[in-house]
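A closer look at the structure
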Amino acid sequence: MLPFKVVYSDAYYLPIGEHVFPAEKYRRIQQKLLASGIASPGDFITPEPAADRDILLVHGAEYVYKLQTGTLTAREELQMEIPFSDELVEAFWLAAGGSILAGQRALQDRVGINLGGGFHHAFPDHGEGFCMINDIAVAIRSLQRDKRIERAMVVDCDVHQGNGTAVIFGHKRALVPATHGLPSASAPTLTRTDHGSIRQVPSGADTDVLTISLHQENNYPSWKPPSSIDVNLPDGVGDEQYLAWLDNAVSSALRQFQPDLISYVAGADPYREDQLGGLALTIEGLNRRDQFVFEVAKARRIPVMVTLAGGYAQNVEDTVTIHCNTVVAATEVFGQNTN
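Here's a quick rundown of the structure. (Residues numbered from 1 in each chain as written. Predicted model: local features only at pLDDT ≥ 70, side-chain atom pairs only at ≥ 80, totals over all residues. Heavy atoms only, no water.)

Structural notes on the overall build of the chain
Stated formally: Helix and strand assignments come from DSSP, with helices taken as H or I runs of at least 4 residues and strands as E runs of at least 2, each series counted from the N terminus. In this description the radius of gyration comes from C-alpha coordinates, and the expected globular size is given by 2.2 Å times residues to the power 0.38. The cut-offs for exposure are 20% and 50% of the maximum accessible area for each residue type, with area from a 1.4 Å probe on protein chains only; residues under the lower value are buried, those over the upper are exposed, and the others partly exposed. Here, residues are in contact when the closest pair of their heavy atoms is within 4.5 Å.
The helix and strand inventory of the chain stands at 10 helices and 9 strands. Here the C-alpha atoms of the chain give a radius of gyration of 18 Å, agreeing with the 20 Å that 2.2 N^0.38 yields for 339 residues. When the backbone C-alpha atoms are referred to their principal axes, the chain occupies close to 55 × 45 × 45 Å. The 339 residues of the chain split such that 61% are buried. Nonlocal contacts in the chain, meaning residues at least 24 apart in sequence, comprise 81% of its contacts between residues at least 6 apart.

Printed below as a string of structure tokens:
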């Protein structure tokens, strides 16, 4: 038995047809965890869809109404870059419910993993980049509303900047214009850099969610709204450089902010063979990344809610392995006997 629960449903499958997003990965991750003996059937728990009152903590009533009635404009559908359907709406509500449940279990078991979720490109009033509902933000705001936590930290390690999450938890609450460009297209207008950089927004006394985004600078989205800490990585960064930047960012954040929960967005797309990424991490390097985040959280006694986010490897099995390794890393770190 795992020392925590894994949140999963067969209904996580996104009905989007032939697409660069591997909709079948959720089922394949669960099957591999079972077939390899990493997990047993009793380790999985099934979520309920998020309630509308949870979704409305983050998303505007007009946008939610459009989703529920199928009245998005053609432009709004194009921004999401996935074909709209009522079944797709249900899948995103369920993913948000899964992240809420993973957050609740994390507070109980020290870590909770949602095999879905991580849809960090969804804004309060529109979706982008394969993302309709920002389950990360919905889970955090739900836990805050229910007085389960006061402060949270998002550690976003997807190869793409978490623009929706940055805006939702930013100091300026005004809605922002849509990002130009699509995630499956290149961004030739961006300036290539040979050196990484960190952009940090001074945190105010009223900050209740600190956001870290560690991403490839020369990639979607073209306009990157400020997270609390943005680590802008140059093309081709490998394991050692990546881990050093991550250590720097997380250490800096924890010197100024003590969260009650870490929301870890464990994207598989920094992988060197990802179709939508331009970094050069190995599968082993991504495993070390996961271990680092879990070890830091464990050492500081901070519960971790995990969502798996993006992964678009040429070989889908590589993406599945990377995501399964996140579960393995959590087992190795949190399965050890500690006080």
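Having seen the structure, we can now continue with the description.
Some remarks on the nonpolar core
This is how the line gets drawn: By nonpolar core is meant a set of buried Ala, Val, Leu, Ile, Met, Phe, Trp, Tyr and Cys residues that side-chain atoms within 4.5 Å join together.
Ranked by size, the top nonpolar core spans 110 residues in total, and within it Leu 115, Met 132, Tyr 264 and Phe 294 carry the most contacts. Among the elements that line this core, the one with the most residues is helix 5 (residues 86-109), at 12 residues. Contacts of Met 132, omitting those with residues within four sequence positions, involve His 59, Tyr 63, Leu 67, Met 80, Phe 84, Leu 88, Val 89, Phe 92, Ala 122 and Gly 127.

Section: the environment of Ala 280
Looking at where Ala 280 falls in the secondary structure, it is placed in the loop between strand 8 (261-265) and helix 9 (283-299). Linking Ala 280 and Pro 270, residues 10 residues apart in sequence, is a C-alpha distance of 6.7 Å. If sequence neighbours within four positions are ignored, Ala 280 has contacts with Gly 236, Val 237, Gly 238, Asp 239, Pro 270 and Arg 272.

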